[in-house]
Amino acid sequence: MNRSYFSAITLAVAALAAGNAMAADASAAKTREQVKAELAEAIRTGDFVVNSETHQKANELNPGLYPAKSAAQGKTREQVKAELAEALRTGDFVVNGEAHQKANEVNPGLYPAKSAAQGKTREQVKAELAEALRTGNIMADGETGLKLNQLYPQRYNRNI
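Our subject in this report is the structure included herewith. (Residues numbered from 1 in each chain as written. Predicted model: local features only at pLDDT ≥ 70, side-chain atom pairs only at ≥ 80, totals over all residues. Heavy atoms only, no water.)

### A short note on the environment of Asp 47
Phase 1 of the analysis: Along the chain, the position of Asp 47 falls in the loop between helix H2 (32-45) and strand E1 (49-51).
Phase 2 of the analysis: With a relative accessible area of 35%, Asp 47 lands in the partly exposed category.
Phase 3 of the analysis: Distance in space between the C-alpha atoms of Asp 47 and Tyr 66 is 9.2 Å, their sequence separation being 19 residues.
Phase 4 of the analysis: If sequence neighbours within four positions are ignored, Asp 47 has contacts with Ala 42, Lys 57 and Asn 59. (Helix = DSSP H or I, 4+ residues; strand = E, 2+ residues; numbered from the N terminus. Buried < 20%, exposed > 50% of the residue type's maximum accessible area, 1.4 Å probe, protein only. Contact = heavy atoms within 4.5 Å.)

### Things to note about the pattern of salt bridges
Phase 1 of the analysis: Summed over all chains, the structure comprises eight salt bridges.
Phase 2 of the analysis: Lys 57 is the salt-bridge partner of Asp 47, the closest N and O atoms lying 2.8 Å from each other. One end of the pair, Asp 47, is in the loop between H2 and E1; the other, Lys 57, is in strand E2 (residues 56-57), with ten residues separating them in the sequence.
Phase 3 of the analysis: Of the charged contacts, one joins Lys 120 and Glu 128 as a salt bridge, the two residues approaching to 2.5 Å between their closest N and O atoms.
Phase 4 of the analysis: Owing to a relative accessible area of 43%, Glu 128 belongs among the partly exposed residues under this scheme. (Salt bridge = Lys/Arg side-chain N within 4 Å of Asp/Glu carboxyl O.)

### Considerations on unusual backbone geometry
Phase 1 of the analysis: Unlike most non-glycine residues, His 55 shows phi in positive territory, near 60 degrees.
Phase 2 of the analysis: Along the chain, His 55 falls in the loop between E1 and E2.
Phase 3 of the analysis: Accessibility expressed as a relative area gives 55% for His 55, which makes it exposed.
Phase 4 of the analysis: Phi angles above zero are rare outside glycine, and His 100 is one such case at about 55 degrees.
Phase 5 of the analysis: Since its relative accessible area comes to 60%, His 100 is described here as exposed.

### Focus on helix H4 (residues 77-90)
Phase 1 of the analysis: Taking 1.5 Å as the rise per residue, H4 with 14 residues should run 20 Å; its terminal C-alpha atoms sit 20 Å apart, in good agreement.
Phase 2 of the analysis: Following H4 by one or two positions, Gly 91 adopts a phi angle in the positive range, close to 75 degrees. (Expected span 1.5 Å × (residues − 1).)

### Side note on helix H6 (residues 122-135)
Phase 1 of the analysis: For H6, which comprises 14 residues, the first-to-last C-alpha distance of 20 Å matches the rise-based estimate of 20 Å (1.5 Å per residue) to within 8%.
Phase 2 of the analysis: Looking at the residues trailing H6, positive phi occurs at Gly 136, about 75 degrees.

Here is the structure:
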């Protein structure tokens, strides 16, 4: 028997056994026929793992043996044109490829200012700082990048 054929049969049997185990689970609530249909669909499309180390599926390993997946719905021509017009109006397009600078960053006076997002209130920032100090969730030093609660867990793991 061909080795790949034998592997495919083994995988199918394993998938069927796993499907039956899931069907028996009360939370899954699938009938035997539903599980069989799902297994048949997975085998038809190659949507089952064949390499447990890399988690590659059969349709990824051998794409020519299985039907191609349907492409995601793209944008319409009108949507793309509207996005382009908005980007040109706001300067939200790259003009310097190396530095990835956008037109509104290079010449901010030529484009409308970006609206600032609403920030936190002074009280919210103070409350966050107090919580960070209490839990040790602040940087200890710039060299290691560790936080105080990581350097000194005995100080901060107390349930207060």
